[in-house]
Structures are given as structure tokens and as C-alpha cells.
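Overview (structure and organization)
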Amino acid sequence: MLYVFITPTSLYSQTEFKYTGNPLVRHIFTADPTARVFDGKLYVYTSHDLKDADYYTMKDWRVFSTDNMEDWIDYGDFFGLDDIPWAKSMAWAPDCVKRGDKYYFYYPVERTKIGVAVSSNPVSGFKDSGKPLIDNTSNVKLIGPEPIDPSVIIDNGQAYIFFGCREFRWAKLNDDMVSIKGKINKVKLIGNEGDKEGFGGYYGEGPFIFKKDGLFYIIYSNGWGNQSTIVYATSKSVEGPFEYKGEVIKNVGCSTSHGSIVEFKNKYYLFYHTRDLSGHNNRRSVCFDLISFDKNGNIVPAVKTTSSLVSGKDYYTGKGRIALSSDGNMHDNDDMQATMMSLMILAKAGLQDKTSLYVYADHVWGSEKNDLEIMRHSAEECGKRFSFDNTRFIAAVENPEQAYEAMCNEILKSTAENPLFIVAAGPMQVVGEALNRAFRKEPASLSYVTVISHSEWNNEHADKPHANEKPHSGWTWNKMEKSFGQRVNFNLISDQNGTGISENAYKSKNKFKAPSWISWEWMKESSDSDVRWVYEQTRKKPAGPDFSDAGLVYYLCADLDGERGDENGNPIKLKYWLEQVDKY
């Protein structure tokens, strides 16, 4: 869809498109992406390869933006060589930063100069400052043979610019952002001594600097050709020295490498380019993938993907698999009832064959009395009743290792076409350990996993054992989010236990706050024998009624009036949905 807008200073087109997987941009050739977040929106500034290019003879730059990583806008050739009176060729890898209420666009031209343009708008109205910021004419020894690929960072009020091909330089910028402050310096890289072009920490070109948790990272290309890729070095000081650490991503099949890393909405993304769209090294295409960091701050190398990383809805839409993990064997007797209700909801939605794993009794630190056998009956007898013939049922407390590996294997199967939805209806230990194991084996698989929870008790219990049980610790919701939140889609819905004294809640209580079955009596009178059976069985379970964890499954897959994702379910809505399913 194409829109044309007229501004006071220019005529430019605005093209809307959707991300459907890599490459991100498919209607033109783009390269050298620098991703920046301004005022809550993500912008990607790129160079622009010509459609018939046989060399890097680019003439203008492009900028794209998104609010959600799925819906994008291309603002056209917002700035180009025609806007620079002192430059004639080679509009190469750019950068853009914001300071105050102005945007500063940095660009290399002619392989010898770097310029700056300024605007009050991130996508239009840029005006060249009038002369090069950096020019190696008659000054190659100081500036280097090829001052290209600028990258700018502002730290503690001081702006710095990094640049260079084969020889790496940095300098401070004055507060005006368009002039150099002091001298130009060589960047000191250590740990890459003796590395040759295309291997290890050799410095080739394409630097991008950012700061995370007090540490400065520079990613850069280690050369050109079939072996070269993006690597990185770190320092506690913006002025270095920077120590080479390793690869950011494996070679993606393009003879040049240039990228950037950005945090957007609590996830980190690596932007880079490939030649996948054209098969030609001079006609490149911008891509992005998720990237993460280990507990020591090291980059976990990104995995090149082609499928969309945008997970879409947080509830089940018919594609992929469902796995569940619930307890019921210690403290939390409600799962004895909620398990049966959950399996009935899944069955009535026709999702038996999509439900690949049910881990129950997942309080792996021990069981109470005969609770394990009651849970076994709830899960496995209900599984038989509702024909979950291909679902694997595992009692985690009996064999935690088996439960971890089974859940891990389900995660490892996950792709864009076969995502996994995990209903976390017990303590997070099984889910967290499975994610951890899958992350070590195949990090990319986590990008297609959604974990759904609702209960603060479940989310925190691993590290908050009751006074009457042995001390224990393990995975919590917060630990999982911190470790895997860059990849996994964590969805914490409203607490399904209900509040106050409402009888119309999954955990029904009367005015005296005592358990009440009044809101569930319709099950006893139902014309559906399955509903009556679940009612009869759950009335035999200890305590109750408490079907709160089943609210997760209702949210996931029940489509009352054609709509899924209702986190405000209750007994009446469930009744109407079951009648609707039975009718059709």
C-alpha cells in the first residue's frame, strides 16, 4: 500500500508493509542496517543497493520504522547524494542518533569522508551541515585510509564517533554534534593479535557500539568473503581497550557483514544483511533475528532464520502444539479438579492430537500423603476418557529428569510453523529447566514458545517453600523471564482464582468465603455425559470447587462467540461455550 505525503520541504512516499520473515525488506535492496529506538518506536537506517548493481554504487539512504516488529513503514529515499553539495558517490553505511530535540544523521561518502545532516524529524527534513565532519584528504595517516561506517554513542553527556575500514578510529564530538572535539584516536583491540582477515577478531569494517549493564560492546565485521562474519569486543570504558570475545552470528553467505544490536520492548534484536533475495553480493537485503546474553554478559550468537519471529496471538489459533505442567501433589489440591476440567476443555475444542505433553505432579521436591495417586487418576483417567491417545502423561515428582527432557524435546521441535504453547499451572521448575536445556541445545527454538501463567503462588513457589516442607529452590517466573525473555513469549494473564466472595469464579466461594458448588450445579444437570462425568469425579476430590488453573486452558483455546483469549472466564461463560460446542 503506497501513500504520498507533501511536507513543506519535500515530496516523499511512504510504503507500508508487513514483516513475514527474513529478509525484512523485499521490495528494494537494502544493507548496512543501524537500528535505533526513538520515543518508543524502532527505526532502521540503511544504505540502498541499486536493483542492477554490480558494485556498491549507492546513491541514497532509506529509513524504516515499526511499533511492533510486524507492521513497517518505508519512508523512501529520505536523504541522498543530491542533498550533499560536496559529495558525488558511494552513499554507504549510515547511523543516526538523537540529542535534545534534534536528529543527527551520519553518513560516509566517496570512501574518504563522513558527513552529518540534522533534522527535527527522524524520517525527513535532514539538512547537510555544509562540510565533512571527517575527511582523510592529505591526512590518511591520522584518519586512516578509508573512513567509513560511522557509529555514534552518547555516554554521560559526551558523544563519541567510531569509524574506519581496516584501521579503526574514534573521536569525541563537540556538543553541536557536527564537529570533532580534540584528536582522532586509534581504537585499541586486544585478544585478536595474529588473527587474519576473515577470521577471529580481525578488524575489517562496520563498527556499531552500544552499552548494556555498564559494559560497552562493539560489533564489527572481521573481513570479507565466505568465512567472514560479525564479531564483537567489549570494554568497561568507551575509550577502550576493547577485548575480542567471539562471533555474533555465523557467516550468512554474503561477502560483506554489517550489523547493529538494539533493545526494543524488552527484547534484543540483531539487524544484519544477506544476499538471500538476489543471490548477488551487491544487491543485499536487511534481516533481523533475536539475540541474547548469558549471565556474564557474553553474547549468545544469533541464529539466522527465515520464518517470522513475530509470534502473533498469545492464545492458540490452530497452529502448533500444546503442553501442560501442573502440580496437585503438594499444597495445591485444586489441580486435581482443574486437570480434569482442563482436559475436558481441550477435548471439546478438538485439540487432543495437538496436546503433546501433560506433566502433572510437578512439585518435584516431594508429595503429600496420597495426593500423587489422586493426581494420577485425574490426569490419566481423564486422558483415557477424552481420547488423548497421543499425549504423553508424566508424573514429574517420580522422575523429574524424564519430565525435564520431555518438555525440553517439545521445545526443541518448535518452529514458526509448529509453535509450542506451554500452560504453566504449577511451580515453574519443570518449565524453567526445560527452557534452560533447550536454550543450551538450540536457542532459536525458544523464539517459537509461549508460556502462559496466572498465579503468583505458582510463579514464585520454587524459591518460597512452605514452612512445613524441606527447603528447596529452582526456577521461578522472574528467573525465566530474565534468562529467556529475549526469545520466549511470556504471557502472565489475570489471576484465575477470582477475587472477593464471588460465586461466579473458577474458585467459587459463598458470602462466608467458604467453598461453594452453586455456580457449578449446571454440570450435574448437563445433557452432555462428559460434563456430568467430570462433575461427579471432581466432587470426589479433596476440598473445592477450584478450577482456577483450567482458566488458563479456557483462555488458550475456548472460542466463545468466535473469540479466544478471554482471561475473564467464569463458570457461566464456560457453560455457554460447552453448550455452543455441543450444538455445533
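Preceding this paragraph is the structure being described.
Before going into details, it helps to say that this report is about the structure given with it. As the structure is a prediction and not an experimental result, all values here were calculated from the model.

Points about the pattern of salt bridges
One pass over the structure, following the stated rule, counts 36 salt bridges. Two residues, Arg-385 and Asp-530, come together in a salt bridge whose shortest N-O distance is 3.0 Å. Of this pair, Arg-385 sits in helix H3 (residues 371–385) while Asp-530 sits in helix H9 (residues 529–539), and the two are 145 residues apart along the sequence. Classification of Arg-385 by relative accessible area gives partly exposed; the value is 34%. Asp-530 gets classed as buried once you look at its relative accessible area, which sits at 17%. Close ionic contact of Glu-401 with Arg-437 constitutes a salt bridge, the shortest N to O distance being 2.6 Å. Placement of the pair is Glu-401 in helix H4 (residues 400–412) and Arg-437 in helix H5 (residues 429–441), with a sequence separation of 36 residues. Residue classification places Glu-401 among the partly exposed positions, given a relative accessible area of 42%. For Arg-437, a relative accessible area of 12% gives the class buried.

Things to note about the state of the cysteines
Under the definition given, this model contains zero disulfides. The thiol of Cys-557 is unpaired, and the distance to the nearest cysteine sulfur, on Cys-382, comes to 13 Å. The exposure class of Cys-557 is buried, given its relative accessible area of 0%.

What about the sheet that holds strand S17 (residues 189–190)?
Here we have five strands laid out as an open sheet, ordered S17-S21-S20-S19-S18, and mixed in their pairing. Looking at which strands have only one partner, the edges of the open sheet turn out to be S17 and strand S18 (205–212). Relative to strand S20 (residues 230–235), strand S19 (residues 215–221) runs antiparallel, the two being bridged by six bridges. Each residue of the ladder has a partner; that of Ile-219, found in S20, is Tyr-232.

Side note on the nonpolar core
Membership of the largest hydrophobic core comes to 54 residues, with the highest contact counts inside it found for Met-341, Ile-345, Leu-346, Tyr-360, Trp-520, Met-523 and Leu-574. With residues up to four places along the chain from it excluded, the contact list for Tyr-360 reads Ser-326, Asp-327, Leu-372, Met-375, Arg-376, Ala-379, Glu-380, Phe-393, Ile-394, Ala-395 and Ala-396.

Regarding the sheet that holds strand S22 (residues 260–264)
Taken in spatial order, the three strands make up an open sheet running S22-S23-S24, and their pairing is antiparallel. The open sheet terminates on both sides in strands that have one partner only, identified here as S22 and strand S24 (285–290). The average undirected angle you get between the axes of adjacent strands in this sheet is 30°. Note: S22 against strand S23 (residues 267–274), five bridges, orientation antiparallel. Across the sheet, residue Ser-260 finds its bridge partner in S23, namely Phe-271.

Rules behind the numbers
Residues numbered from 1 in each chain as written. Predicted model: local features only at pLDDT ≥ 70, side-chain atom pairs only at ≥ 80, totals over all residues. Heavy atoms only, no water. Salt bridge = Lys/Arg side-chain N within 4 Å of Asp/Glu carboxyl O. Helix = DSSP H or I, 4+ residues; strand = E, 2+ residues; numbered from the N terminus. Buried < 20%, exposed > 50% of the residue type's maximum accessible area, 1.4 Å probe, protein only. Disulfide = S-S within 2.5 Å. Pairing = 2+ DSSP bridges. Core = buried A, V, L, I, M, F, W, Y, C linked by side-chain atoms within 4.5 Å. Contact = heavy atoms within 4.5 Å. Axes fitted to C-alpha atoms, helices over the stretch in contact; angles between N-to-C directions.

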